[in-house]
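Each chain, written out:
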Amino acid sequence: MSSPVAAVRSALRKYLMVPKLIRLSRSAPKDRPLAWDRYWAGIAATGPRGEVLWDSGNDHELLGYLDALQRHLDPGLPVVDIGCGHGSFTRGLAAFFPQAIGVDVSDHAVARARRESAGMENVSYVVRDMTAPGAGHGLAGPTDANVFIRGVLHVLEPADQAALVGNLRDLVGTRGTVFLAETNFQGDPVDYVTHLGATIRDIPAPLERAIRELPMPGHFGPSECGRVMPPEAWELLEDGPVTIETNRMTDVAGESLIPGYFAVLRARH
Ligand SMILES: C[S@@+](CC[C@H](N)C(=O)[O-])C[C@H]1O[C@@H](n2cnc3c(N)ncnc32)[C@H](O)[C@@H]1O
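Residues numbered from 1 in each chain as written. Predicted model: local features only at pLDDT ≥ 70, side-chain atom pairs only at ≥ 80, totals over all residues. Heavy atoms only, no water.

Caption draft 1: Looking closely at the pairing of strand β6 (residues 178–183). With respect to burial, β6 is a largely interior element, 6 of its 6 residues being buried. With burial as the criterion, each face of β6 is covered, one bearing V178, L180 and E182 and the other bearing F179, A181 and T183. With 4 bridges joining them, strand β5 (residues 146–150) and β6 adopt parallel strand pairing. Following the sheet pairing, I149 is matched in β6 by L180. (Buried < 20%, exposed > 50% of the residue type's maximum accessible area, 1.4 Å probe, protein only. Helix = DSSP H or I, 4+ residues; strand = E, 2+ residues; numbered from the N terminus. Pairing = 2+ DSSP bridges.)

If you want it as structure tokens, here you go:
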């Protein structure tokens, strides 16, 4: 149990942080696709110590998913990386599937992903809002495809989560499988930004940029998954806790690691 002094400090920290967060986040466009595209337009550097909050700059997290991917996903099918951002996971997945296709709502994200993937023959990118009606059609050509999705559902409103998941059904067909990994941090926005190293005096630059420019994220765990991918429509093959590895912004290693949730699902027909 925390001491009364620690409890008062924590309450005071929240009291001081809330107005700061409100002030910073006021400038984020309410139009989400626009917010994402402006965010990506302003990014000059990705990778280790780059500007992207959720980019650890290495493949450690992806390699941690490999056993589950190999247990459940057909390695003969292409993989579609939904909400691929600058394509770091798309490129990593290309080593394990015949074709990796990244799709993102942001033109600027896809332009950057293409630049960073130059010369990779089995990697391609598409700009598409995956919540739009019919957005799953034709993404991988005529074949069923596997789906990889990391850090996207937790940034969408519930109605958009449902629309996106509906589109995944077209994409996976009868042979494809969905692997998702999402942030599942339990706590309010102040707890979240504090966990990532924000203090009253200082907010690490990649975090401050995300607060200023993007919609405040939620969390996505077993109950959100069960709601948006109910058992009558999706067979849950495996799930559990994971660690989402973000940009190391402070000297405290744990501050770049976010509790997360992964699930592997197949559509019922
Ligand atoms: C937190 S980032 C994760 C990027 C990437 N998956 C990764 O883990 O590095 C969320 C990404 O989802 C994209 N996104 C948000 N809404 C989307 C939508 N409706 N359709 C497609 N992509 C979307 C954003 O542009 C952004 O690149």
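Anyway, onward from the coordinates.
Caption draft 2: Examining a nonpolar patch on the surface more closely. On the surface, L12, Y15, L16 and I200 cluster together into a nonpolar patch covering about 410 Å² of accessible area. Among the secondary structure elements, L12 is positioned in helix α1 (residues 4–25). Residue class for L12 comes out partly exposed when judged on its relative accessible area of 49%. (Patch = residues over 30% accessible without salt bridge, like charges linked within 9 Å, V, L, I, M, F, W, Y side chains within 5 Å. Areas by Shrake-Rupley, 256 points an atom, 1.4 Å probe, with all protein chains shown as cover. Salt bridge = Lys/Arg side-chain N within 4 Å of Asp/Glu carboxyl O.)

Caption draft 3: Molecular detail of α1. Here α1 spans 31 Å end to end across 22 residues, near enough to the 32 Å set by a 1.5 Å rise per residue. The largest bend along α1 measures about 30° and falls at M17, with the proline P19 one to four residues further on. Of the residues making up α1, those classed as buried are M17, K20, L21 and L24. In this structure, the buried side of α1 is in contact with α7 (189–195) and α8 (205–213). (Expected span 1.5 Å × (residues − 1). Bend = angle between axes of the 7 residues up to and from the residue. Contact = heavy atoms within 4.5 Å.)

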